[in-house]
Amino acid sequence: MEDEEDDESLGNPDIPLVLKGKEIYDLSAAIVAIIPDDDDVLSSFKEFVLEDAMVLYAKVVSAEATEFYDLKMESAAIIRKAARDLLTHCSGLEMFGFRETHYLELIRAAIEEYRLLFLDWVKGFDQWNYVIDRWGLFNPPGVDANDHDPDEDLPPE
């Protein structure tokens, strides 16, 4: 993820949450690089750590590509899960004997910084620009999954 070309392909890399997500990914990549390959248990964490770290970077970009509240909130929920899973992976690495635990503290601190940026980012979502989520998970406050959608009354184009 060092290439400028990668940054350009992922939209606006200047969003603070994107920058922090990229930092977490780069940090995670450096940490998994020092996990010994001859330890099957510790090595099994590598893919999971990198996958969850990538979500913190890429899902913000995909959420920024839409204007709809419900889709942004869906991405936000996926991001939250990935951040929590990444913290769990750090604990798992410690539990199974990863020796460089001081590096895991760097990830934990970066995720806390990310969480604070995330809170501000979510507050910026436009709650009035949405499509009703018929599953009921990502509707703005006051909108129910069974509410009538006024867009359904529009004549077909």
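Our subject in this report is the structure included herewith.

About the criteria used
- Residues numbered from 1 in each chain as written.
- Predicted model: local features only at pLDDT ≥ 70, side-chain atom pairs only at ≥ 80, totals over all residues.
- Heavy atoms only, no water.
- Salt bridge = Lys/Arg side-chain N within 4 Å of Asp/Glu carboxyl O.
- Helix = DSSP H or I, 4+ residues; strand = E, 2+ residues; numbered from the N terminus.
- Buried < 20%, exposed > 50% of the residue type's maximum accessible area, 1.4 Å probe, protein only.
- Lys, Arg positive; Asp, Glu negative; His and termini not counted.
- Contact = heavy atoms within 4.5 Å.

### Things to note about the pattern of salt bridges
Line of reasoning, step 1. Tallied over the entire structure, the rule returns 9 salt bridges.
Line of reasoning, step 2. For Lys81, the salt bridge goes to Asp85, with nearest N and O atoms at 2.5 Å. Placement of the pair is Lys81 and Asp85 together in helix H5 (residues 69-95), with a separation of 4 residues, close to one helical turn.
Line of reasoning, step 3. For Asp85, a relative accessible area of 23% gives the class partly exposed.
Line of reasoning, step 4. Its salt-bridge partner being Arg108, residue Glu94 comes within 3.0 Å of it at the nearest N-O pair. With Glu94 in helix H5 and Arg108 in helix H6 (residues 101-123), the pair connects residues that are 14 residues apart, well separated along the chain.
Line of reasoning, step 5. For Glu94, a relative accessible area of 31% gives the class partly exposed.

### Here we look at the side chain of Asp52
Line of reasoning, step 1. Along the chain, the position of Asp52 falls in helix H4 (residues 45-64).
Line of reasoning, step 2. We note that Asp52 is buried and unpaired, the nearest opposite charge coming from Lys81 at a distance of 6.0 Å.
Line of reasoning, step 3. Here Asp52 is in contact with Ala82, Asp85, Leu86 and His89, once residues within four sequence places are set aside.

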